[in-house]
Amino acid sequence: MKKTYLAVLLIFLLLMVCSCAKKEEQKSEEQEQQIPEFTPLNEVVEGQKDIYLITKVLDSNYWDVVVKGAKEAGEEFGCNVYFSGTYNEMDWSSQEMLLDKCVSRGADAIILAPDDSIELAPKIEDIHSQNIPIILIDTAANTDGYDICYMTDNLLAGNKAAEEMLNQFHSLGFSESEEITIGILVGSSTSQTINERLAGFYQYWIQNAPETWSIISDIQNSNGDNQLGGELIASLLDDYPNLRGLFATNNGPTKAIAKVVTDQKRQDVVLVGFDYSDEIKNLIESPDYRASTILQRQYFMSYNGVQSALELIKGFEMDVKFEDTGVVTVNHSNLLDPDVQSVIENN
């Protein structure tokens, strides 16, 4: 047990060191011009409250569902919802500028999915101190200066991902004396969400995997670049002949790995990732591959976020600081289950 907690702690320390070593990014007029303007998700009605949604990545399957949840909540509860985001999930400085724009435009409340849990904490605290409700979704921040966070219990989600990987290995008949390695691709070293999933994966793996089934110590980091992620995974597959599993901590890395596995026709490799892009969907539907994904309920993150924002504006206080929206494991065997299909419809 002590070894498990030590391993988890070491992962957190490693990723925190990477974060602290980051140089401060410089803001420029050119960068500010590249930030998309806020656009209304529903018909703007004068006199209604103005809620601003800032997501991580524009033009993404996962975040499109988040936008859908906010849009439909705005229509149902009678408020104006405006939306913008960044083109790269590492671009926290652009999110900082978007937060400033929310304030200057007189936002009644802000819903934010932080690109960086550490760097954005001071800005979140500052805005919240101005009595502007802030609801976090998908990712928490290293501060208590917000009202509520709707997200996945990511430590538990990481546990479930490791459990699914082991279940797939057992179903394939791998011997517990056989030497097997798995590789890991993360999308960022500064996301609290990713760090917790990674820690949860290691925690479950150390407690339950045979000693001969090992994780490659060099965790690959795509830094939000799917092309780079694909190149890193291709190199891993070349360098480790006994690599039989790949774990991706979030949507971008999952897409990157799925593309490499598909292009190289690596039917001998088990893939466990997150979210429901076309790339992972095609692998799961195929009986020739072993692919699984951990689906979040991100629709309800933003839908509940809008509802809570309106309550906060009226002066209500949240009973809890964090609400887990839950996950579902999807693989080829349970793909057609009604409960699984209902979650897929909102992914």
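Coordinates for the structure precede this section.
A brief look at the structure comes next. Just so it is clear, the model here is predicted, and its values are computed rather than measured.

The rules behind these values
- Residues numbered from 1 in each chain as written.
- Predicted model: local features only at pLDDT ≥ 70, side-chain atom pairs only at ≥ 80, totals over all residues.
- Heavy atoms only, no water.
- Core = buried A, V, L, I, M, F, W, Y, C linked by side-chain atoms within 4.5 Å.
- Buried < 20%, exposed > 50% of the residue type's maximum accessible area, 1.4 Å probe, protein only.
- Helix = DSSP H or I, 4+ residues; strand = E, 2+ residues; numbered from the N terminus.
- Contact = heavy atoms within 4.5 Å.
- Axes fitted to C-alpha atoms, helices over the stretch in contact; angles between N-to-C directions.
- Parallel < 35°, antiparallel > 145°, perpendicular 65-115°, else oblique.
- Left-handed = near helix turned anticlockwise from the far one by under 90°.
- Nonpolar A, V, L, I, M, F, W, Y, C, P; charged D, E, K, R; others polar.
- Pairing = 2+ DSSP bridges.
- Right-handed = clockwise from strand over helix to strand, strands pointing away.
- Phe/Tyr/Trp six-rings, centres within 6.5 Å; stacked < 30°, edge-to-face > 60°.
- Lys NZ or Arg CZ within 6 Å of the ring centre and 35° of its normal.

### A short note on the nonpolar core
- Formed by 30 residues in total, the largest nonpolar core has its most connected members in I51, L53, I111, I135 and I137.
- Those elements giving two or more residues to this core turn out to be β2 (50-57), α3 (61-77), β3 (80-86), β4 (109-112), β5 (134-137), β6 (148-151) and α11 (298-313).
- I233, A248, A258 and Y289 belong to the second largest nonpolar core, which has 28 residues in total.

### Let's talk about the environment of I182
- If you trace the backbone, I182 turns up in strand β7 (residues 180-186).
- Since its relative accessible area comes to 0%, I182 is described here as buried.
- Each C-alpha atom of the pair I182 and V269 lies 9.1 Å from the other, and the pair is 87 residues apart in sequence.
- Those residues in contact with I182, other than ones at most four positions away along the chain, are F169, F201, W205, S214, I215, I216 and G245.

### A look at the packing of helix α9 (residues 251-263) against helix α10 (residues 278-285)
- At a minimum axis distance of 8 Å, the contact between α9 and α10 shows a crossing angle of 50°. With respect to α10, the element α9 is oriented oblique. The interaxial crossing formed by α9 with α10 has left-handed handedness. Contacts from T254, K255, A258, V261 and T262 in α9 reach E279, I280 and L283 in α10.
- Of the residues belonging to the contact of α9 with α10, the class tally is four nonpolar, two polar and two charged.

### Some remarks on the pairing of β5
- Judged by which residues are buried, β5 turns out to be covered on both faces: I134 and L136 on one side and I135 and I137 on the other are all buried.
- Bridge analysis of β4 against β5 gives three bridges, and the strand direction is parallel. Following the sheet pairing, L112 is matched in β5 by L136.
- In this fold, β4 hands off to helix α5 (residues 121-128), which returns the chain to β5; that crossover is right-handed.
- Bridge analysis of β5 against β6 gives three bridges, and the strand direction is parallel.

### Looking at the packing of aromatic side chains
- Under the criterion given, the structure shown has 12 aromatic pairs.
- On the basis of an interplanar angle of 10° and a centroid distance of 5.8 Å, the ring pair of F201 and W205 is categorised as stacked. Residue F201 and its partner W205 are located together in helix α7 (residues 192-208), separated by four residues, close to a single helical turn. The same class applies to F201 and to W205, which are both buried.
- For the pair F247 and F274, a centre-to-centre distance of 6.4 Å together with 55° between the ring planes defines the contact as tilted. With a gap of 27 residues between them, F247 in strand β10 (residues 243-248) and F274 in strand β11 (residues 270-274) connect regions that are remote in the sequence. Across the pair, exposure class does not vary: F247 and F274 are buried alike.
- Three or more aromatic residues link up through ring pairs in this structure, and these residues are F169, F174, F201, W205, W213, F247 and F274.
- We note R105 situated over the ring of Y82; from NZ or CZ to the ring centre the distance is 5.4 Å.
- The lysine or arginine in question, K321, covers the ring of Y146, its NZ or CZ lying 4.7 Å from the ring centre.

Function cannot be read off these values alone, since they describe shape.
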